Amino acid sequence: MNHAKTFILLAALTALFVGIGYLIGGAMGMVIALVLAATLNLVSYWNADKIVMRMYRAQPVDETHPNAVVRAYVADVLQMAEGAGLPRPVVAIIPNDQPNAFATGRNPENAAVCATSGLLDLLTRDEVRGVMAHELAHVKNRDTLVMTVTATVAGAISALANFALFFGGDRERTGGLIGTLALMLLAPLAAGLVQMAISRTREYQADRIGAEIAGDPHALASALGKIEAYARRIHNPVAERNPASGQLFIINPLAGKGADNLFSTHPATGNRVKALMALAVSTGAAPPRPRPVINEARATTVPTTPTTPRGPWG
């Protein structure tokens, strides 16, 4: 089913890509855009996960890491992956203060799960387990192919639509300028709507399966509340520059201002928490028990979010 969704998604986004090319450069622009779209589709299928991880400067880590929090994080992810019948994923940390996480990869055999350093600093070990179990659920459901390809292709469409602003399209054709301006506004919106249609139900399903993988709906519910509260106050500059990638994360990483709202792909966190609490009741899950603080060492021994801009590509 997800492969069918990916085909339909790529077809829809390719049509948008070609349409923008036609409005920018007529028939020749359409041909060029079609060639570019075909190339982008091929590259994004095989390499979108690497593109996204490089974009966010995700750093693979393993059980030999000097930081105790990171070692626990890696051990828990690998233990849960084995319990869920999944191949060992790449486990990585994103050097960003905003608490968040995502999974990527075209299939479970080529999957990676990434947590920000801010997430490891903020949450308890049980809560981190709950979040990463959610990401493993995306891997198990093969959602990551749709998510990662969408982030890459939709981002390219937004860039091409903005490119139209500088070249104005074929003004000699009837409605050429108006069509270019309209598509320049509508293409990012359409790409966002495609993402939205795919994302909302998928997040509820990943919450449910993730709670089963971790064996603790309460921990994921608690984590979602904390991430939501802090993500609104801590800037994620890479996500703001690439809003199409926001749908990868467990909680929307965008500030929600202006055009960013077009890329809001997540259901309301309160509704997700209620669904998890209902799941806990129906499964008879024990309420969370007080645990000693185990992460006195902070995960931010990896580099934190850069304070000096390093150009439009990070």
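Refer to the structure above for everything that follows.
Now for a quick tour of the structure. (Residues numbered from 1 in each chain as written. Predicted model: local features only at pLDDT ≥ 70, side-chain atom pairs only at ≥ 80, totals over all residues. Heavy atoms only, no water.)

### Here's the deal with the overall build of the protein chain
Looking only at helices and strands, the protein chain features nine helices and four strands. For the protein chain, the N- to C-terminal ordering of α and β elements is α-β-α-β-β-β-α-α-α-α-α-α-α. With 314 residues in all, the protein chain has 53% of them scored as buried. The long-range fraction of contacts in the protein chain, counting pairs at least 24 apart against all pairs at least 6 apart in sequence, stands at 70%. (Helix = DSSP H or I, 4+ residues; strand = E, 2+ residues; numbered from the N terminus. Buried < 20%, exposed > 50% of the residue type's maximum accessible area, 1.4 Å probe, protein only. Contact = heavy atoms within 4.5 Å.)

### Comments concerning the side chain of Arg272
Relative to the elements of secondary structure, Arg272 occurs in helix H9 (residues 269–283). Arg272 gets classed as buried once you look at its relative accessible area, which sits at 0%. There is a polar contact of 2.8 Å between the side chain of Arg272 and the backbone oxygen of Ile250. Once you skip the residues sitting within four places of it in the chain, Arg272 turns out to touch His134, Glu203, Tyr204, Asp207, Leu224, Ile250, Ile251, His266 and Pro267. (Polar contact = N/O pair within 3.5 Å; in protein donor to acceptor, adjacent residues only side chain to side chain.)

### Digging into the packing of helix H7 (residues 217–231) against H9
Where H7 meets H9, the closest approach of the two axes is 8 Å, and the angle between their N-to-C directions is 165 degrees. Classified by the angle between their axes, H7 and H9 sit roughly antiparallel to one another. Crossing of H7 over H9 shows left-handed handedness. Together, Pro217, His218, Leu220, Ala221, Leu224, Gly225 and Glu228 of H7 and Thr269, Arg272, Val273, Leu276, Met277, Leu279 and Ala280 of H9 make up the contact between the two elements. Tallied by class, the residues present in the contact of H7 with H9 amount to nine nonpolar, three polar and two charged. (Axes fitted to C-alpha atoms, helices over the stretch in contact; angles between N-to-C directions. Parallel < 35°, antiparallel > 145°, perpendicular 65-115°, else oblique. Left-handed = near helix turned anticlockwise from the far one by under 90°. Nonpolar A, V, L, I, M, F, W, Y, C, P; charged D, E, K, R; others polar.)

### Some thoughts on the sheet that holds strand S2 (residues 90–94)
Strand pairing in a sheet is mediated by backbone hydrogen bonds. Such pairs are either parallel or antiparallel. Reading across the sheet, the four strands line up as S1-S2-S4-S3 and stay open at both edges, with mixed pairing between neighbours. The open sheet has two edge strands with one neighbour each: strand S1 (59–60) and strand S3 (101–104). Where S1 lies against S2, two bridges are found, and the strand directions are antiparallel. Bridging across to S2, Pro60 finds its partner in Ala92. (Pairing = 2+ DSSP bridges.)

### Some thoughts on the pairing of strand S4 (residues 112–116)
Buried residues dominate S4, accounting for five of its five residues. Every second residue of S4 is oriented toward a common face, with Ala112, Cys114 and Thr116 on one face and Val113 and Ala115 on the other, all of them buried. The sheet contact formed by S2 and S4 spans five bridges and is parallel. Within S4, the position partnered with Val90 by the bridge is Ala112. Bridge count between S3 and S4: four bridges; the pairing is antiparallel. Paired with Ala101 across the bridge in S4 is Ala115.

### Focus: the pattern of salt bridges
According to the stated counting rule, one finds nine salt bridges in the structure shown. Notably, a salt bridge pairs Asp76 with Arg125, separated by 2.8 Å at the nearest N-O pair. On the criterion of sequence distance, the pair formed by Asp76 in helix H2 (residues 68–83) and Arg125 in helix H4 (residues 125–140) is long-range, its members being 49 residues apart. For Arg125, a relative accessible area of 35% puts it in the partly exposed group. For Glu203, the salt bridge identified is with Arg272, shortest N-O distance 3.5 Å. Pair noted here: Glu203 is in helix H6 (residues 176–214) and Arg272 is in helix H9, with a separation of 69 residues, a long-range link. Both residues of the pair, Glu203 and Arg272, count as buried. (Salt bridge = Lys/Arg side-chain N within 4 Å of Asp/Glu carboxyl O.)

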